[in-house]
Amino acid sequence: MSTAMTSQAKAPQEFNQPLPLHIATLTCVRAGKAMPFAREQMSAIDKAPIKAPVAVDFMGLTTDEQADRRHHGGPLKAVHQLPPATYEQINTEFGLKVRVGTLGENLTTEAVNGLPEMTESSVCIGDVFEYGDDSHSVQLRIVQPRRPCYKINDQIGQFNKVPNIAAWVSKQGIAGWYFEVVRAGMIDADLPVYLVERPYPFATLSMLWQLSNSKEKYANEVIEPWLAIECLEESWKVVLAKKIKK
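For clarity, every value in this text was computed on a predicted model and none was experimentally measured. Here the residue numbers are simple positions, counted from 1 along each chain's written sequence. Local features in this predicted model are restricted to residues whose pLDDT is 70 or higher, and side-chain atom pairs enter the listing and the counts only when it is 80 or higher, whereas totals over whole chains, interfaces and linings include all residues. Computation of side-chain values: all heavy atoms of the structure, hydrogens and water removed.

Student: Just checking my understanding: could you explain the side chain of Gln-144 for this structure?
Tutor: Secondary structure counts use DSSP, requiring at least four H or I residues in a row for a helix and at least two E residues in a row for a strand, with both numbered from the N terminus. Locating Gln-144 in the fold gives a position in strand E10 (residues 138–145). Using a relative accessible area of 2% as the deciding quantity, one classes Gln-144 as buried. Here a polar contact means two N or O atoms within 3.5 Å. Within protein one must be a hydrogen donor candidate and the other an acceptor candidate, and residues neighboring in sequence count only if both atoms are side-chain atoms. A polar side-chain atom of Gln-144 sits 2.9 Å from the main-chain carbonyl oxygen of Leu-76. Engagement of the side chain of Gln-144 in a polar contact is seen with the side chain of Trp-236, the distance being 3.4 Å. Throughout, a residue-residue contact means that at least one pair of heavy atoms, one from each residue, lies within 4.5 Å. In this structure Gln-144 touches Leu-76, Lys-77, Ile-125, Trp-177, Tyr-178, Glu-233 and Trp-236, once residues within four positions along its chain are discounted. Whether a residue is buried, partly exposed or exposed follows from its accessible area with a 1.4 Å probe, protein chains only, as a fraction of its type maximum: under 20%, in between, or over 50%, in that order.

Right, here's the structure in full:
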């Protein structure tokens, strides 16, 4: 990838409209309970649909659990969203039938008004989305992509003998993203989803993955705008800083 391409890449032009912009419908909300998992561990990676409104506070959905609080959950991983297209790509690549909800996501959306789906190519670090349109609506800000871990391999591998899917997902940059909670409230399926802030239109998650996975080094002017994003989780800045040409 050339430096010019990297510095000029932006989210889809369809989102460059006056905000707030109604971009999607929240089709499903999921939560999980910590249960016995592979390697004699506990995990709540398998999420089930919630049939009623659920409260969201600054640690996430109040009915959702994380067994490993060192690597999952917390204010900077409060809510996880994953595009359904990720499952289509995994199933096509490996000949599987992995169902939506298997990989730990809390939210699933569907595009409206002819706009792009919410994917790593269309959302940006710093984007704030509002789920709902009343006084109880939740506002969430994207602060980092999800880093796939071995639990994805163990989760799918419980039912299928497959290669290292987590590494493949990481290479493709299709692991979804984590939100921090800007405004607590209630969330439920069928709510409208609005893009309400986009301070960094260059900072798509797909570009962040490309820069992070690249073996190339880049000029200061390519990387420094990313390092200036206050809400970008710090470990990603550490990765990006190492990509600057000396």
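Don't stop here, the text continues.
Student: What exactly am I supposed to notice about the sheet that holds strand E6 (residues 60–61) here?
Tutor: Whenever strands of a sheet pair, they do so through backbone hydrogen bonds, lying parallel or antiparallel. In this description, strands pair whenever DSSP reports at least two bridges between them. Taken in spatial order, the three strands of this open sheet run E6-E5-E12, and their pairing is antiparallel. In this open sheet, the two edge strands, each paired with only one partner strand, are E6 and strand E12 (185–187). Pairing geometry for strand E5 (residues 54–57) and E6, over two bridges, is antiparallel. When the bridges of E6 are listed, Asp-57 appears paired with Gly-60.

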